[in-house]
Structures are given as structure tokens and as C-alpha cells.
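Here is what each chain is made of, one letter per residue.
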Amino acid sequence: MPGRLQHKSALITGAGSGIGLESSILFAQEGANVLLVDVNIANAEKAAALVQERFPNIKAIPYKADVSKEAEVEAAVATAVKEFGRLDVMFNNAGIMHPEDDNALNTEERIWDLTMNINLKGVWFGCKHAIKAMRENPTDAAKGLQTGGSIINTASFVAIMGAATPQLAYTASKGAVLAMTRELAMVHAREGIRLNSLCPGPLKTPLLMDFLNTDEKKQRRLVHLPMGRFGEAVELANAALFRKPATSITSTQLTSDKHHTVASSESSYITGTDFKVDGGLSSAY
Ligand code: NAD
């Protein structure tokens, strides 16, 4: 059976770890050529080697870029177009959670700016340059390829819920990602460019495990998780691809037994929305 992303290409930021790494593997498995962007080039290279070894028929290219630098994002998009001939999927996923991010009184301006620059401005730059590229995508009816594309932005459950363990800059940056994604989706809908956000719950990835750096902090978070466990990065990759939901995903928006995919054309009528993949957290009291 041909993959859902056959003949397509994807650029994934934060591809060296966690959600980005698992998505790189899954998108490649579905047939996409992938540009694996990360500020940590050693991890991007490891990820690309792993993907290439498992899926020798696709191209997996590591690429060093800091998403908070517009010129670097623009060059990354240009590289994907040059290498693959087109850009169908842009996954703006890179993000940070700074250990000094705190409440309104304690968060320093430099932490606020750093967080906003990566988590919010980085997503804007990614959207901006992906939109330009997707408008130019060549059509090829025989291969089912069209102009336009799909942009997926990683937000967080804290974009829609207040976190009792404060991370003000992070929370504000993720809320803004949701708002920006909705507006861009409206503006570009008639160009065949769809934009959606993912709202992951707490995951067992370095980003959160480094932040919750003691057993006590982890336990405090686990108490609030209906499933009693942190999510796995691959459960978010499944949602980014949007193949048939895994049983562990309880968001009502994902309980349909149809195959929805945000990254592929199977989600052709889905834009301007956000998908909670949070183990039920946002429905908990
Ligand atoms: P991770 O730390 O495993 O991976 C993040 C990757 O982003 C790393 O490889 C890192 O090098 C890269 N990165 C960081 N800053 C960058 C920059 N300026 N430019 C390019 N790459 C950069 O984390 P993850 O859990 O996979 O997080 C991915 C996304 O999911 C982030 O946006 C994060 O905010 C979001 N998220 C995570 C959780 C969670 O619990 N882990 C929950 C909600 C949302």
C-alpha cells in the first residue's frame, strides 16, 4: 500500500529529539522525503542516519538552523525545495521550556524574550517561508500532487489551560501559537494551504523530564493525569500524521475511527483547528 505521504516532502523542526524525531521516522515511513532541522546538528544527523537506514528509498537530510533566526529558517525551507522539488508539510515543532521560566513576578525579561523568540517567532518564520514555498508547489496529477500544503504548529495543553506550576513565558508563547495558527488558516485557506495546531499533554521527552527534574515534581504532575502516565513522543507523531488514532488518545476530536491526517491530503477539510493529544488532561477536573 502506498504511504500517505508518497511523493511528498516535509520539513520538521526540532527533529533531533522527542516529537520531531518520532515524526521524522513516521513521515518517512509514509513515504515523505524529510528535512530534519534542529539547532543541535549532532542530534539531527543521528536522526537522519536512523531514518535513512530504515527507509533507504526516501531522502532524509539533516539541517542546522535556529528557528528564532529568520534567515536560517528561510534557508532551511529553500534547501527543502531545492532537494525535494517542493514542500508539502511544514511541522513547526521546535520549542523550549526554560528552567528559569516562572510566574509573573519572577520571570526575567531575557527568559521571556528567549522563549518568545523560539516558541512563537520561530513558528511565525516557519509559517511565513513555508507559505511562500507552498504557493509555488508544482502540480502533478499523476502523482496526486497539488499546489498548497499543510502546516502543523506545536502548541501545548497550557495554551488552553492554566498550569499551576508556573511557566509564564512558555504558556503565553503557546497560547499565541494557537491564535496565530487560526488567523493564518483563515487568510490562506483559499490558496490550499491548511494550518492546524497540536496541543500535546505532558510527555516523556527531554524537554519536560529536564524541567521536572526530581521524582517529587514528576509525581506532582502525574497526579493530574487521568491516565496516570506521561505521553510518548510517538503518540504525538501519530497525531501530526493523523493516522487512525491510537487507543491512548482520548481527545474527542480524535475519537473518530476514520483515518484523519493533518500532514496528508486525507485531512483536506481540516484547517484552523487545534488537536488536543493529552491523555484526557483537558477534560479532567
Ligand atoms: P525535545 O526537547 O525532546 O525536542 C525539542 C527539539 O527542539 C530539540 O531537539 C532541540 O534541540 C530543538 N530546538 C530547541 N530550540 C531550537 C531552536 N531555536 N531551533 C531549532 N531547534 C531547536 O522536546 P519535545 O517534547 O519533543 O518538544 C517538541 C515540542 O512539543 C515543543 O514545541 C514543546 O514545547 C512541545 N510540547 C512538549 C510537551 C512535553 O511535555 N514534552 C508538552 C506540550 C508541548
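Residues numbered from 1 in each chain as written. Predicted model: local features only at pLDDT ≥ 70, side-chain atom pairs only at ≥ 80, totals over all residues. Heavy atoms only, no water.

**Some details on helix α8 (residues 233–241)**
Among the nine residues of α8, eight are classified as buried, and the element is accordingly described as predominantly covered. Of the positions making up α8, those classed as buried are Ala233, Glu235, Leu236, Ala237, Asn238, Ala239, Ala240 and Leu241. In this fold, the buried residues of α8 make contact with α1 (18–29), β4 (89–92), β5 (149–154), β6 (193–200) and β7 (274–277). A positive phi of about 60° marks phenylalanine 242, the residue just after α8. (Buried < 20%, exposed > 50% of the residue type's maximum accessible area, 1.4 Å probe, protein only. Helix = DSSP H or I, 4+ residues; strand = E, 2+ residues; numbered from the N terminus. Contact = heavy atoms within 4.5 Å.)

**Quick notes on the site of the ligand**
Lining the immediate surroundings of the ligand are 28 residues, of which Ser17, Asp38, Tyr170, Leu203 and Thr205 lie closest. Take aspartate 66: an N or O atom from its side chain is 2.9 Å from a nitrogen atom of the ligand. One of the side-chain nitrogen or oxygen atoms of threonine 205 is found 2.5 Å away from an oxygen atom of the ligand. When the free accessible area of the ligand is taken as 830 Å², the share hidden by the protein chains comes to 93%. (Near = heavy atom within 4 Å. Polar contact = N/O pair within 3.5 Å; in protein donor to acceptor, adjacent residues only side chain to side chain. Areas by Shrake-Rupley, 256 points an atom, 1.4 Å probe, with all protein chains shown as cover.)

**Quick look at the pairing of β5**
A regular strand places its side chains so that they alternate between the two faces of the sheet. Of all six residues in β5, six are buried, a share of seventy percent or more. Along β5, one buried face is formed by Gly149, Ile151 and Asn153 and the opposite face, lined by Ser150, Ile152 and Thr154, is buried too. Pairing between β4 and β5: four bridges, direction parallel. Within the sheet, the bridge partner assigned to phenylalanine 91 lies in β5 and is isoleucine 152. Handedness of the β5-helix α5 (residues 168–188)-β6 crossover: right-handed. (Pairing = 2+ DSSP bridges. Right-handed = clockwise from strand over helix to strand, strands pointing away.)

**Regarding the side chain of asparagine 119**
The topology assignment puts asparagine 119 in helix α4 (residues 109–135). Residue classification places asparagine 119 among the buried residues on the basis of a relative accessible area of 0%. From its side chain, asparagine 119 meets the backbone nitrogen of isoleucine 96 in a polar contact 2.9 Å long. Among residues more than four places away in sequence, those in contact with asparagine 119 are Gly95, Ile96, Tyr170, Ser173, Lys174 and Val177.

**Observations regarding unusual backbone geometry**
Its identity as a non-glycine residue notwithstanding, histidine 7 has a phi of 70°, on the positive side. Position of histidine 7 among the secondary structure elements: in the segment before β1 (9–13).

**Brief notes about the packing of aromatic side chains**
Overall, the coordinates contain two aromatic pairs when judged by the stated rule. Arranged with centres 6.3 Å apart and planes meeting at 25°, the rings of phenylalanine 27 and phenylalanine 91 form a pair that is stacked. One end of the pair, phenylalanine 27, is in helix α1; the other, phenylalanine 91, is in strand β4, with 64 residues separating them in the sequence. What makes phenylalanine 27 buried here is its relative accessible area of 0%. (Phe/Tyr/Trp six-rings, centres within 6.5 Å; stacked < 30°, edge-to-face > 60°.)

**A look at the environment of glycine 231**
Note on placement: glycine 231 falls in the loop between α7 (215–222) and α8. Expressed as a C-alpha distance, the spacing of glycine 231 and glycine 16, which sit 215 residues apart in the sequence, is 18 Å. Setting aside anything within four residues of it in sequence, one finds glycine 231 in contact with Pro202, Leu203 and Lys204.

**Concerning the confidence of the model for the chain**
Mean pLDDT over the chain stands at 91; residues scoring 70 or higher make up 92%. The low-confidence segment residues 244–261, where pLDDT is below 50, has 40 contacts with residues more than four positions distant or belonging to other chains. (pLDDT = per-residue confidence, 0-100.)

**Here's the deal with the nonpolar core**
Core analysis: the biggest nonpolar cluster contains 34 residues, and Phe27, Val34, Val51, Phe91 and Leu198 have the highest contact counts within it. In terms of residue count, α8 provides more of this core than any other element does, six residues in total. What valine 34 contacts, discounting residues up to four positions off in sequence, is Ala10, Ile12, Ser24, Phe27, Ala28, Val51, Ile58, Lys59, Ala60, Ile61 and Phe84. With 31 residues, the next largest nonpolar core counts Ala80, Cys127, Ala130 and Cys199 among its residues. (Core = buried A, V, L, I, M, F, W, Y, C linked by side-chain atoms within 4.5 Å.)

**Things to note about the packing of helix α3 (residues 70–84) against α4**
Following both chains from N to C, one finds α3 and α4 inclined at 35°, their axes separated by 9 Å at the closest point. Judged by the sense of rotation from one axis to the other, the crossing of α3 with α4 is right-handed. Taking contact as the criterion, the partners of Glu70, Val73, Glu74, Val77 and Val81 in α3 are, on α4, Phe125, Gly126, Lys128, His129, Ala130 and Ala133. Its residues assigned to classes, the contact of α3 with α4 comprises six nonpolar, two polar and three charged. (Axes fitted to C-alpha atoms, helices over the stretch in contact; angles between N-to-C directions. Left-handed = near helix turned anticlockwise from the far one by under 90°. Nonpolar A, V, L, I, M, F, W, Y, C, P; charged D, E, K, R; others polar.)

**So, the sheet that holds β4**
The seven strands are arranged β3-β2-β1-β4-β5-β6-β7 in an open sheet whose pairing can be described as parallel. Every interior strand has two partners, whereas the edge strands, β3 (60–64) and β7, have only one. Taking each pair of neighbouring strands and ignoring which way they run, the sheet shows an average axis angle of 15°. Contacting β1, β2 (33–38), β4 and β6, α1 runs over the sheet at an angle of about 170° to β1.

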